[in-house]
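# Coordinates in review
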Amino acid sequence: MTKKLLSVHEVAKLTGITVRTLHFYDEIGILKPTRLTGAGYRMYDDTALSRLQNILLFRELEFPLKEVKAILDNPNFDSSEAISQQIELLELKQKHIEELITFAREIQKEGVTTMNFKVFGKSEIEKYKAEIKAKWGNTKAYQEYMQKDIAQNEGSYSKIANELLTMFSELGELKHLTPNADEVQKKIAALQKFITDNYYVCTNKILSGLGELYVSDERFKDNIDKAGGAGTADFVKQAIALYCSNCHLQFV
């Protein structure tokens, strides 16, 4: 870590990215300089460099800049937890590349005798990315939530939280049906509207991320399964995935 302010040219030399890229990051607000000199030159301190490091890691993991900005601007963003998530994603990416190399070598050695496209799939990587986006990326949604009365009224919050758990309980009662059953899908639509009305605008993209979070986050999973019975969280996740894939656009 540096102990002095670095100029834009020094940061470019240190990181390997271009001065033009740093100027662009400033323009879009994802990385503002710590201060400007009297002559208008950009200067960066350790905090700015730490943010840049996170930007570059997320970019290496193919997160769009818009999503990276939302993640880093989230007031609940935890850099230590984020680095653990980044490492796990990099390891998944490494595993994917190693599988591709092995597959390519097999073709080189034996020729193309069997068509195998599974090796190109990135579902595991995309699933984990969706979880990160759902957890950190909804800055606008978070701000909308904070502006609601429920963020300032504990009694109101408890009432709404209980209503949400009741919805999961009702979904749990439908586990005997398939996740794409009309009755189940109507409940998912109602869940999306409830979140929009009481927390933040729940687009299909956000809803999809929440579905992943309901299973991957043990706290969510335990609470949902307590409300609707064992397996409810996974059932809700499947139902949400089907709902979103069917392009229900009423709340996008």
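Since the structure is predicted, the reported quantities are computational estimates derived from the model, not experimental observations. (Residues numbered from 1 in each chain as written. Predicted model: local features only at pLDDT ≥ 70, side-chain atom pairs only at ≥ 80, totals over all residues. Heavy atoms only, no water.)

## Quick notes on the overall build of the protein chain
Regarding its fold elements, the protein chain presents 12 helices and 3 strands. Burial status across the protein chain gives 39% buried among its 252 residues. Partitioning the contacts of the protein chain with sequence separation of at least 6, the portion at a separation of at least 24 is 65%. Of the roughly 15,000 Å² of accessible surface on the protein chain, a fraction of 53% belongs to carbon and sulfur atoms. (Helix = DSSP H or I, 4+ residues; strand = E, 2+ residues; numbered from the N terminus. Buried < 20%, exposed > 50% of the residue type's maximum accessible area, 1.4 Å probe, protein only. Contact = heavy atoms within 4.5 Å. Areas by Shrake-Rupley, 256 points an atom, 1.4 Å probe, with all protein chains shown as cover.)

## Some remarks on the packing of helix α10 (residues 204-216) against helix α12 (residues 232-245)
Contact geometry of α10 with α12 gives a least axis separation of 8 Å together with a crossing angle of 160 degrees. What the angle tells us is that α10 and α12 run roughly antiparallel. By crossing handedness, the relation of α10 to α12 is classed as left-handed. Taken together, the residues of α12 that come into contact with α10 (itself represented by Asn204, Leu207, Ser208, Gly211, Glu212, Tyr214 and Val215) are Ala233, Asp234, Val236, Lys237, Ile240, Tyr243 and Cys244. Here the contact of α10 with α12 is composed, by residue class, of 8 nonpolar, 3 polar and 3 charged. (Axes fitted to C-alpha atoms, helices over the stretch in contact; angles between N-to-C directions. Parallel < 35°, antiparallel > 145°, perpendicular 65-115°, else oblique. Left-handed = near helix turned anticlockwise from the far one by under 90°. Nonpolar A, V, L, I, M, F, W, Y, C, P; charged D, E, K, R; others polar.)

## Structural notes on the packing of aromatic side chains
On inspection of all chains with the given rule, the structure shows 1 aromatic pair. Their ring planes at 85 degrees and their centres at 5.3 Å tell us that Phe168 and Tyr214 sit as a pair that is edge-to-face. With Phe168 in helix α8 (residues 154-172) and Tyr214 in helix α10, this pair connects stretches of sequence that are 46 residues apart. For Phe168, a relative accessible area of 4% puts it in the buried group. A residue is classified by how much of its surface remains accessible, and Tyr214, at 4% relative accessible area, is buried. (Phe/Tyr/Trp six-rings, centres within 6.5 Å; stacked < 30°, edge-to-face > 60°.)

## Some remarks on the sheet that holds strand β3 (residues 42-44)
Read across the open sheet, the 3 strands follow the order β1-β3-β2; overall the sheet is antiparallel. Each of the sheet's edge strands pairs with one partner strand only, and the pair in question is β1 (6-7) and β2 (35-36). Two strands pair when backbone bridges link them, and β1 and β3 are joined in this way by 2 bridges, in the antiparallel orientation. Bridge pairing in β3 links Leu6 to Tyr44. (Pairing = 2+ DSSP bridges.)

## Brief notes about the packing of α10 against helix α11 (residues 218-228)
The N-to-C vectors of α10 and α11 enclose an angle of 85 degrees; their axes lie 5 Å apart at closest approach. As summarised for this structure, α10 and α11 are arranged roughly perpendicular, according to the angle between their axes. Of α11, the residues touching α10 (which contributes Leu213, Tyr214, Val215 and Ser216) are Glu218, Phe220, Lys221 and Ile224. Split by residue class, the contact of α10 with α11 holds 5 nonpolar, 1 polar and 2 charged.

## Considerations on α10
Taking 1.5 Å as the rise per residue, α10 with 13 residues should run 18 Å; its terminal C-alpha atoms sit 18 Å apart, in good agreement. When you tally the buried positions in α10, you get 10 out of 13 residues, the bulk of the element. Along α10, the residues that are buried comprise Asn204, Ile206, Leu207, Gly209, Leu210, Gly211, Glu212, Leu213, Tyr214 and Val215. (Expected span 1.5 Å × (residues − 1).)

## Let's talk about the nonpolar core
Grouped together as the largest cluster of nonpolar side chains are 28 residues, with contacts concentrated most on Phe168, Ile188, Tyr214 and Ile240. Among the secondary structure elements, those contributing two or more residues to this core are α8, α9 (182-198), α10 and α12. Counting residues per element, this core draws most heavily on α12, which supplies 7 residues. With sequence-adjacent residues up to four places away left out, Phe168 is seen in contact with Leu191, Tyr214, Ile224, Ala227, Gly228, Thr232 and Val236. Ala12, Ile17, Ile30 and Leu92 belong to the second largest nonpolar core, which has 25 residues in total. (Core = buried A, V, L, I, M, F, W, Y, C linked by side-chain atoms within 4.5 Å.)

## A closer look at the side chain of Asp225
If you trace the backbone, Asp225 turns up in helix α11. If near-sequence neighbours (up to four positions away) are discounted, Asp225 is found in contact with Ala230, Gly231, Thr232 and Ala233.

## Considering the state of the cysteines
This model, assessed by the stated rule, comprises 0 disulfides. With no disulfide of its own, Cys202 has Cys244 as its nearest cysteine by sulfur position, at a separation of 7.9 Å. (Disulfide = S-S within 2.5 Å.)

## Topic: the confidence of the model for the protein chain
Counting all residues, the mean pLDDT for the protein chain is 79, and 76% of those residues have values of 70 or more. The weakest mean pLDDT in the protein chain belongs to helix α7 (residues 139-147) at 49; the strongest belongs to β3 at 95. Here residues 149-157 is a poorly scored stretch, pLDDT under 50, and it has 11 contacts once near neighbours within four places are set aside; other chains count. Every residue in residues 248-252 is under pLDDT 50, and counting partners more than four places away or in other chains gives 14 contacts. (pLDDT = per-residue confidence, 0-100.)

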